[in-house]
There are 2 protein chains.
Amino acid sequence: MEYSQANPAEVRRLIREGRLTGQTSGMCDGYAQANLVILPRDVAYDFLLFCQRNPKPCPLLEVSDAGSRRLHIIADGADVATDLPKYRVYENGELTGEHTDISGLWREDFVSFLIGCSFSFEGDLLAADVPVRHIEEGRNVPMYDTNIPCLSAGVFHGNTVVSMRPIPHALVPKATLITGAMPRVHGAPVHVGAPEAIGIRDLAHPDYGDAVTIREGETPVFWACGVTPQNVVMRSRPAFVITHAPGHMFISDVKNVNLKY
Amino acid sequence: MEYSQANPAEVRRLIREGRLTGQTSGMCDGYAQANLVILPRDVAYDFLLFCQRNPKPCPLLEVSDAGSRRLHIIADGADVATDLPKYRVYENGELTGEHTDISGLWREDFVSFLIGCSFSFEGDLLAADVPVRHIEEGRNVPMYDTNIPCLSAGVFHGNTVVSMRPIPHALVPKATLITGAMPRVHGAPVHVGAPEAIGIRDLAHPDYGDAVTIREGETPVFWACGVTPQNVVMRSRPAFVITHAPGHMFISDVKNVNLKY
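Residues numbered from 1 in each chain as written. Chains lettered and ligands numbered in written order. Predicted model: local features only at pLDDT ≥ 70, side-chain atom pairs only at ≥ 80, totals over all residues.

### Points about the sheet that holds strand β9 (residues 218-224) of chain A
Residues and elements named next belong to chain A. With antiparallel pairing, 4 strands are arranged side by side in an open sheet as β6-β7-β9-β8. Strand pairing shows two members of the sheet lacking a second neighbour, β6 (143-149) and β8 (191-192), which therefore form its edges. When β8 meets β9, the two strands line up antiparallel, connected through 2 bridges. When the bridges of β9 are listed, His 191 appears paired with Phe 222. Relative to β9, helix α5 (residues 172-180) is tilted by about 15°, and along the sheet it contacts β7 (159-168), β8 and β9. Sitting on the sheet, helix α6 (residues 227-235) touches β6, β7 and β9, and the angle it makes with β7 is about 155°. (Pairing = 2+ DSSP bridges. Helix = DSSP H or I, 4+ residues; strand = E, 2+ residues; numbered from the N terminus. Contact = placed C-beta atoms within 7 Å. Axes fitted to C-alpha atoms, helices over the stretch in contact; angles between N-to-C directions.)

What follows is the structure, given as structure tokens:
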């Protein structure tokens, strides 16, 4: 795949210059990608507290200083206003625009939250011969609303969204241990089998992403999902929020392997 | 030891009623104890961000809602204003009083931070036959200022304080793996051997706590320490802060073993 062996700083430069505007899936193999949520300072405390209380669905990789477009921890010097290929702007909960650069919208009270994503552990699953069905089938991972409540914080509250991967029964322990070693990117599963017990009625109709085949001898395994914080933010209908456009993530300089330590 | 087999809720009740006012070391064997820092809301965001950026020295077990004396996560219904045996009040960086109950000082803008402590992993070290010298010698753990910078956040900045335990060379890997399994209470060591490399001049003169014997065949191993956030807070000379008095910790309902998962 194009750019799969590229250096993250080089790909971010191409994105910043407007020469790459597509999805980031498969780019910079081995490096962590992150979801982005930008909120005004007046609700940033509540959101930071929400993430602290719900680390499995909301694993923070970096939180910027208020007003600063620069990152320092996961990609020193990167500019969150230019270094993602596509952004979405929401006002009072409604999508009001898509942009490839948000420099012109920047405000001195913006705080950027970079949130880890399960891409980071899927490489380890595949390397250890644990099947990842949505990759095999060329689809998006299936995601479902559940009845598992998050701990509330200020204006933010809601239930956990999960991603699902069908795993052969005998490999469930291995999949648990591999992902449990990466608590900074959702970690171990939150539920194994019995979708109805967490409020999922029909695995064939995910709430987000695509359905995948569950074969005989496999059980559905559920991981906390980064759609959770996005849902929770939207549900509060904030006056102004910017996120990455789906699939158009931030590519960090952090190797996935270093998320284990 | 008295109260070593007691239930945390029962001990908190005795503390709340003023019938226990001493140190909590050794009480409620198997349950996590926590450091307390109470700050006004106007600096709570900076402190929460500081802890998010420095999880090894500042592992947050719970952050209260602003103005609420109640905890919900690590001890449902516990009252942070009455359930610790002794508190210290600092104004503009100066100690201005010790109290066994801070109900009368409570303000609607207070936020309580409960921070994990290395007591939680020392039981696992002992259980696995890794010596813990300061316990053997009946002393406080030796702690040292270092030159390892924390990531700053707003008004809060400073270097990491470490605790030191002398470990036989052959047991360093075991001690690393045992403590690495508990990232919510400081986790794996930050440094092994070579104290001078992190700015420690003389192990015989710790900056806090007591010196301990280092025997032939042992190497000093250093863990990030909960004194770090206390130092960082004091260094900023906040107008008002309340902490637990040294050794007079909050006893939670969380079993140490559950801090691994």
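### Digging into the domain arrangement of chain A
Residues and elements named next belong to chain A. If you check the domain split of chain A, you get domain 1 (8-117 + 236-260) and domain 2 (119-229). Listed by partner, the interface residues are 24 residues for domain 1 and 23 residues for domain 2. Elements supplying a minimum of two residues to the side of domain 1 that touches domain 2: β1 (31-40), α2 (41-53) and β5 (110-116). It is α2 that contributes the most residues to the side of domain 1 that touches domain 2, 7 residues altogether. When its residues are assigned to classes, the side of domain 1 that touches domain 2 shows 14 nonpolar, 6 polar and 4 charged. (Domains from an automatic or database assignment. Nonpolar A, V, L, I, M, F, W, Y, C, P; charged D, E, K, R; others polar.)

### Observations regarding the pairing of strand β10 (residues 240-244) of chain A
As a general feature of sheets, a regular strand has side chains that alternate between the two faces. Residues and elements named next belong to chain A. Burial analysis of β10 places 4 of its 5 residues in the buried class, the great majority of the element. Sheet topology places β1 next to β10; 2 bridges connect them, and they run antiparallel. Counterpart to Ile 38 in the pairing with β10 is Ile 242. For strand β3 (residues 87-91) and β10, the ladder comprises 5 bridges, and the chain directions are antiparallel. (Buried ≥ 20, exposed ≤ 12 C-beta atoms within 10 Å, placed from the backbone.)

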